Amino acid sequence: MNALVEEARHNPLLWLLVFVPAVFAGHALHAEAHTLLFVVSVLAIVPLATLLSHATESVAAKTGDAVGGLLNATLGNLTELVIALAALRAGQYTLVKASIAGAIVTNALFMLGASFLLGGLKHHTQEFNRASARLQAGLLFVAAVALLIPSAISQADAAPDAAVGQSLSLGLSVLLIAAYGLGLLFSLKTHRGIFGSTEHAEDGEKPWPMGLALATLAGVTVLVALVSEVFVESVQGAALELGMTPAFVGFIVVALVGGAAEMASAFSGARKDRLDLSVGIALGSAAQIALFVAPVLVLLSYVLGPAPMSLQLWPGAVVMVLIATLTACLVTNSGRSAWFPGVLVLMVYLIFAMTLYLLPPRTQ
């Protein structure tokens with residue numbers, strides 16, 4: 001507890017924790033105040049993301065950046081999974097697919113680009129494990145191909161019927177989950193030595209004890225999931241009041257809020273010259289969403305949804321996912337970074353965001 005109190009004294013963002021009970025109180029008293037609940041839930045997720053960031057860094061200090069990045073990506077993606085499950089139960093498949101594609105693009109472009117920028121502004125150049133980045137980018141490329149195929153065949157001259165497309169999505173989901181599991185086996189077991197972190201200077205901060213870090217990870221993850229439930233319920237109403245389209249909400253807003261915890265850890269790691277952690281979180285999270293979260297949602301739609309969901313996205317989303325994947329492959333190929341490549345990656349993301357805001361894609 002002393003470590004938590006000391007952290008709160010030195011980090012003003014943690015003062016925003018007062019908004020966590022405010023979210024639940026506001027939801028109980030004024031559930032129809034969608035815009036207010038939307039804003040308060042976003043403010044509540046920020047300090048929770050900060051706590052999750054510090055706890056993850058403490059675990060990574062003991063286990064290494066590769067395991068730390070995987071742990072942060074997994075816990076951070078629980079938020080996206082909770083948001084998607086809530087939309088899945090409501091039958092809002094457009095929001096589910098937009099949030100999946102948006103999370104992939106946001107992690108591969110915004111989180112990675114901002115990490116390069118923030119780290120490069122403090123350090124002239126930074127290095128990271130190129131083999132690890134290549135593996136994550138390769139997994140992400142496989143997922144992009146799997147998302148491309150159902151959309152491509154639906155546009156063919158001899159378009160298959162819905163049953164064939166659904167069966168294809170089901171088979172692809174199984175293949176993607178298998179590919180993700182084999183990738184974990186390769187990087188964490190059989191070829192673990194290849195994916196070690198590059199050397200970095202110590203920042204002098206004492207990590208939390210492992211017990212406190214793990215307890216914080218568990219507690220904060222639960223709170224983030226509960227706050228996300230309120231966020232999901234309010235975001236659609238707030239979008240209408242603020243003039244945002246469902247596609248923009250799913251692709252940009254939900255992805256940014258859902259990835260707040262991971263972003264806090266990635267940005268902090270980049271500023272501390274631990275770019276392996278940042279790249280591992282950004283690309284690892286994008287690959288995990290594409291190869292695990294999306295297929296799991298397809299499988300769960302048979303149980304939770306009003307109808308089975310397919311992996312077919314609208315053409316614009318497929319193009320954005322594919323461009324984001326190729327961009328991530330390009331900028332991580334050298335194993336070195338500076339602030340300007342981060343700016344270029346962020347520019348690609350801003351082009352997508354502006355396009356979606358001004359000209360939302362036509363959904364099925």
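Conventions adopted
- Residues numbered from 1 in each chain as written.
- Predicted model: local features only at pLDDT ≥ 70, side-chain atom pairs only at ≥ 80, totals over all residues.
- Heavy atoms only, no water.
- Helix = DSSP H or I, 4+ residues; strand = E, 2+ residues; numbered from the N terminus.
- Expected span 1.5 Å × (residues − 1).
- Bend = angle between axes of the 7 residues up to and from the residue.
- Buried < 20%, exposed > 50% of the residue type's maximum accessible area, 1.4 Å probe, protein only.
- Axes fitted to C-alpha atoms, helices over the stretch in contact; angles between N-to-C directions.
- Parallel < 35°, antiparallel > 145°, perpendicular 65-115°, else oblique.
- Left-handed = near helix turned anticlockwise from the far one by under 90°.
- Contact = heavy atoms within 4.5 Å.
- Nonpolar A, V, L, I, M, F, W, Y, C, P; charged D, E, K, R; others polar.
- pLDDT = per-residue confidence, 0-100.
- Polar contact = N/O pair within 3.5 Å; in protein donor to acceptor, adjacent residues only side chain to side chain.
- Salt bridge = Lys/Arg side-chain N within 4 Å of Asp/Glu carboxyl O.
- Phe/Tyr/Trp six-rings, centres within 6.5 Å; stacked < 30°, edge-to-face > 60°.
- Patch = residues over 30% accessible without salt bridge, like charges linked within 9 Å, V, L, I, M, F, W, Y side chains within 5 Å.
- Areas by Shrake-Rupley, 256 points an atom, 1.4 Å probe, with all protein chains shown as cover.

**Q** Looking at this structure, I do not really get helix 5 (residues 93-122). What am I missing?
**A** In an α-helix, one full turn covers 3.6 residues, which means residues spaced three or four apart are oriented alike. Its 30 residues place the ends of helix 5 42 Å apart at the C-alpha level, agreeing with the 44 Å of an ideal helix rising 1.5 Å per residue. Within helix 5, the axis deviates most sharply at Thr106, by approximately 40°. Extensive coverage of helix 5 is indicated by the burial of 24 of its 30 residues.

**Q** Where do I start with unusual backbone geometry in this structure?
**A** Located in the positive-phi region is Asp273, a residue other than glycine, with phi close to 60°. Among the secondary structure elements, Asp273 is positioned in the loop between helix 10 (260-271) and helix 11 (275-301).

**Q** I would appreciate a short explanation of the packing of helix 5 against helix 10 in the present structure.
**A** Two quantities define a packed helix pair, namely the angle between the axes and the distance from one axis to the other. Remark: helix 5 packs on helix 10, axes separated minimally by 8 Å, with the N-to-C direction vectors making an angle of 30°. Classed by the angle they form, the pair helix 5 and helix 10 counts as roughly parallel. Note on packing geometry: the crossing formed by helix 5 with helix 10 is right-handed. For the pair helix 5 and helix 10, the contacting residues are Thr106, Asn107, Phe110, Met111, Ala114, Ser115, Leu118, Gly119, Leu121 and Lys122 in the first and Glu262, Met263, Ala266, Phe267, Ala270 and Arg271 in the second.

**Q** Where do I start with the packing of helix 5 against helix 11 in this structure?
**A** As a packed pair, helix 5 and helix 11 sit with axes 8 Å apart at the nearest point and diverge in direction by 170°. In terms of orientation, helix 5 and helix 11 fall into the roughly antiparallel class. Tallied by class, the residues present in the contact of helix 5 with helix 11 amount to 19 nonpolar, five polar and no charged.

**Q** Explain the confidence of the model for the protein here, please?
**A** As a general rule, the predicted coordinates of low-pLDDT regions are not to be interpreted in detail. Summing up the model confidence of the protein, the mean pLDDT is 81 and the portion of residues at 70 or higher is 85%. Looking at the elements of the protein, mean pLDDT is at its lowest for helix 1 (residues 2-10), recorded as 61, and at its highest for helix 13 (residues 339-358), recorded as 92.

**Q** I tried to follow the side chain of Ser41 on my own but got confused; where do I start?
**A** Within the secondary structure layout, Ser41 lies in helix 3 (residues 34-63). Since its relative accessible area comes to 0%, Ser41 is described here as buried. From its side chain, Ser41 meets the backbone oxygen of Phe38 in a polar contact 2.8 Å long. The contact partners of Ser41, leaving out residues within four places of it in the chain, are Val23, Val227 and Phe231.

**Q** Explanation requested: the pattern of salt bridges in the structure shown.
**A** Where charged atoms of side chains with opposite charge meet at close range, the side chains can pair. Enumeration according to the criterion identifies one salt bridge in this entry. A salt bridge links Glu127 to Arg336; its shortest N-O distance comes to 2.8 Å. Here Arg336 lies in strand 2 (residues 336-337) and Glu127 lies in strand 1 (residues 126-127), a separation of 209 residues in the sequence. Relative accessible area serves as the criterion here: at 44%, Glu127 is assigned to the partly exposed category.

**Q** Would you mind going over the packing of aromatic side chains with me for this structure?
**A** For any pair of aromatic rings, geometry is given as the distance between the ring centres together with the angle between the planes. Counted according to the given criterion, the structure contains six aromatic pairs. Ring geometry for Phe110 and Phe267: centres 6.4 Å apart, planes at 70°, overall edge-to-face. Residue Phe110 is found in helix 5, and its partner Phe267 is found in helix 10; the two are separated by 157 residues along the sequence. Take Phe110: its relative accessible area is 24%, and that puts it in the partly exposed class. Consider the rings of Tyr180 and Phe292, whose centres lie 6.0 Å apart with planes at 35°: the pair is tilted. Taken together, the residues span a long stretch of sequence, with Tyr180 in helix 7 (residues 162-190) and Phe292 in helix 11 at a distance of 112 residues. Taken together, the ring pairs connect Phe110, Phe267 and Tyr349 into an aromatic cluster.

**Q** Quick question: what am I supposed to make of the side chain of Ser337 here?
**A** Mapped onto the fold, Ser337 is located in strand 2. Apart from residues lying up to four places away in sequence, Ser337 is in contact with Phe116, Thr125, Gln126, Phe128 and Leu275.

**Q** Can you walk me through a nonpolar patch on the surface in this structure?
**A** A surface patch of nonpolar side chains, amounting to about 500 Å² of accessible area, comprises Leu170, Val174, Leu299, Tyr302, Val303 and Leu304. You can see Leu299 is positioned in helix 11.

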